[in-house]
Amino acid sequence: MSQASVVQETEPLLQHPELRAYSNESTTPDTPDAETVVPTKDFGNSRGQQLGLLSVVSLIFNRIIGTGVFAAPSVILRSSGSVGLTFVMWIIGALVSAAGTAVYVEFGTGLPRNGGEKTYLEYIYRRPAFLMSCIYASYGILLGQVPAASIAFGGYALHALGYEQTAANVRIVACLCIVACLVVHGVFPTVGVTLQDTLGMFKLVVLLLISASGLFSLVGIPGFSVGEVYSQPHNFEWTTFWEGSNMNANAFTNGVYLVIWSFIGYSNANYALSEVRNPVQTIKRAGPLAMLLVTIVYVLVNIAYYAVVSKGDILESGTIAAALFFRNLFGPATERVLSVVIGLSILGNILAVLFSQGRVNQELGREGILPCSQLLASNGPFDAPFFGLFIQSLVSILTVLLTPAGDAYTFVVNFTSYPLALFNLLISGGLLLLYTHPYKSYNWNPPYRAPKYVVTFFFLSNVFLVVVPIIPPSNGFEIYEHLPYYSHVVMSLAVGVAGVLYWFFCFDYLPRKSGYRLQQDTITEANGRTRQVIRRIPIHLE
């Protein structure tokens, strides 16, 4: 029996001091130099509230905009079959992302601290104590979040520099990129934030220039016409706009699935809210603003692509739409320029992901449920969550080095994405539960509340994302060449089961077998920072 189970169910395990005081019945710690404090689980932050509105918008924008804006339009057109249906799919993705943003803004204003999904899942699903923390920890520690992006960066960086893109060279550059991002965020944290903000602004400016160039071409401004040697586009004539629409249910589902994933990242700022100035007001503004920018960019860039590149070229060529756009408008010599642009876009994405995931790992350490929690929770030696960043970087590097090409690489990409759909399903479903009478005792009353129909829509969209990978794909839409289509689903669930087994062994079986109970206390260390510790209290001494 843990300390959490002593507290009455009417008292949330996670409660912000601004909302409500936490009822604590913990005993005095058995270490003389530790001071017991109220365990609000709001552990404070190491570097003060340094992130303003621009930085929070950049965190979200950088996380979403990586390679997808350059490569996804080609893949989605192959699923839709027509330009018109492609835009329908992008609108559906924008609506899902808007609903997701509303859900995470509500949680961010109600629980304005680091942790993101971890914090929200613990708040909603409190029993058995520590179970949800262990499940989330299994994903947070074991899954690298940047291998795919770093390998893509390696390929574009080598192309921009004129080097051969062998598998070995790409992996070396990918690992060097991860190490560089670790050093920037872990050793020079202020430089890291400035760099990712700068890359976010650079990315926005470049995409707006691409959009403007496409629109200029569409309206016939001199100097922006498609080269005569290339197929002339007629994508926005009404007779061709809907031509070739693929109404096959599996194809449409596959396209919508890809579009929704292209918008993923709206929760990125929620991982670091303890480091945001005036977090409640900032997340209420930054979340919608970032998603508005993303949606505008996606729509305008797609218009630009289809204004310059014919549908036939996109469908028949194995080249990404962005490369065809630059070729048609500025000539084939601009390919390296495009590689530089995409490489920097991916670098901003990696920095944003690593920044947030390092803080999630730090929060897992501050929970006290993992081995070496004190080290993981620390901010030494550079006043940044270095060891949280290091764990994420190490797992990502190992994934880059150990994953072979082909099916296995595609598998890793899907393997790291599927758990997010599971967490979003639990979070949106949990938010609906908080609105019901049985959860009235939680006193959930955040400064911002998403409309219930919006939360329901987001919940159903994640049911879609969880269920679709289980459905056998149609011919021509196979995910893997050799592996079963459901492989990443099985492995994703297996990681969660590993978290359940860890919880059962460490927090249920061993305490019962050895005759002690677990008590979670919050301590203040000599440097003034707080974290939680798990203490074993022999039952026979009580």
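What you see is a predicted model; the values in this text were computed from it and never measured. (Residues numbered from 1 in each chain as written. Predicted model: local features only at pLDDT ≥ 70, side-chain atom pairs only at ≥ 80, totals over all residues. Heavy atoms only, no water.)

Moving on, we come to the overall build of the protein. Along the backbone of the protein there are 19 helices and three strands. Split into buried and exposed, the 542 residues of the protein put 56% on the buried side. Taking the intrachain contacts of the protein between residues at least 6 apart in sequence as the baseline, contacts between residues at least 24 apart amount to 78%. As presented, the protein carries roughly 22,100 Å² of accessible surface, and 66% of it is formed by carbon and sulfur atoms. (Helix = DSSP H or I, 4+ residues; strand = E, 2+ residues; numbered from the N terminus. Buried < 20%, exposed > 50% of the residue type's maximum accessible area, 1.4 Å probe, protein only. Contact = heavy atoms within 4.5 Å. Areas by Shrake-Rupley, 256 points an atom, 1.4 Å probe, with all protein chains shown as cover.)

Our next topic: the side chain of Asn328. Mapping Asn328 onto the fold places it in helix α13 (residues 321–330). On the basis of relative accessible area, Asn328 is assigned to the buried category, the value being 2%. Contacts of Asn328, omitting those with residues within four sequence positions, involve Ser225, Val226, Gly227, Tyr230, Ser231, Val308, Val309 and Asp313.

This structure, assessed with the given rule, holds seven salt bridges. For Glu367, the salt bridge identified is with Lys118, shortest N-O distance 3.1 Å. Of the two residues, Glu367 sits in helix α14 (residues 335–367) while Lys118 sits in helix α4 (residues 117–124), which places them 249 residues apart along the sequence. Here Lys118 falls in the buried class, since its relative accessible area comes to 2%. With a closest N to O distance of 3.3 Å, Asp313 and Arg327 form a salt bridge. With a gap of 14 residues between them, Asp313 in helix α12 (residues 311–316) and Arg327 in helix α13 connect regions that are remote in the sequence. Its relative accessible area of 22% is what places Arg327 among the partly exposed residues. Sharing partners across several salt bridges, the network here consists of Lys118, Glu122 and Glu367. (Salt bridge = Lys/Arg side-chain N within 4 Å of Asp/Glu carboxyl O.)

A few words on the packing of aromatic side chains. Using the criterion set out here, one finds 33 aromatic pairs in the structure. Measuring from centroid to centroid gives 6.1 Å for Tyr104 and Tyr266, while their planes differ by 50°, and the two rings are tilted. Here Tyr104 is found in helix α3 (residues 83–110), whereas its partner Tyr266 is found in the loop between α10 (249–262) and α11 (279–308), with 162 residues between them in sequence. Considering the side-chain rings of Tyr136 and Phe423, the 4.9 Å spacing of their centres and the 45° angle between planes classify their relative orientation as tilted. Of this pair, Tyr136 sits in helix α5 (residues 131–142) while Phe423 is found in helix α17 (residues 407–434), placing the two residues 287 residues apart along the sequence. With a relative accessible area of 6%, Tyr136 lands in the buried category. (Phe/Tyr/Trp six-rings, centres within 6.5 Å; stacked < 30°, edge-to-face > 60°.)

Outside of glycine, negative phi angles account for most residues, and trans bonds account for most peptide bonds. With an omega of -5°, the peptide bond between Arg127 and Pro128 qualifies as cis. Residue placement: Pro128 occurs in the loop between α4 and α5. Of note in the backbone geometry, Asn278 takes a positive phi value of approximately 45° without being a glycine.

Within strand β2 (residues 516–524), nine of the nine residues are buried, which leaves the element mostly enclosed by the surrounding structure. Of the two faces of β2, the one carrying Tyr516, Leu518, Gln520, Thr522 and Thr524 and the one carrying Arg517, Gln519, Asp521 and Ile523 are both buried. In the sheet, β2 pairs with strand β3 (residues 530–538) via nine bridges, with the strands oriented antiparallel. Paired with Asp521 across the bridge in β3 is Val533. (Pairing = 2+ DSSP bridges.)

Right, let's get into the state of the cysteines. Taken as a whole and assessed by the stated rule, the structure comprises zero disulfides. Counting only cysteine sulfurs, Cys177 is the nearest neighbor of Cys181, a cysteine outside any disulfide, at a range of 4.3 Å. Free of any disulfide, Cys506 has its nearest neighbouring cysteine sulfur in Cys134, separated by 7.3 Å. (Disulfide = S-S within 2.5 Å.)

Here we come to helix α2 (residues 68–80). Every α-helical turn comprises 3.6 residues, leaving residues that sit three or four positions apart pointing alike. In a regular helix each residue adds 1.5 Å, so 13 residues correspond to 18 Å; α2 covers 17 Å between its end C-alpha atoms and thus fits that length. Listed as buried for α2 are Val69, Phe70, Ala72, Pro73, Ser74, Ile76, Leu77, Ser79 and Ser80. At the exit of α2 stands Gly81, carrying a positive phi of roughly 85°. (Expected span 1.5 Å × (residues − 1).)

On their own, these measurements won't tell you what the molecule is for.
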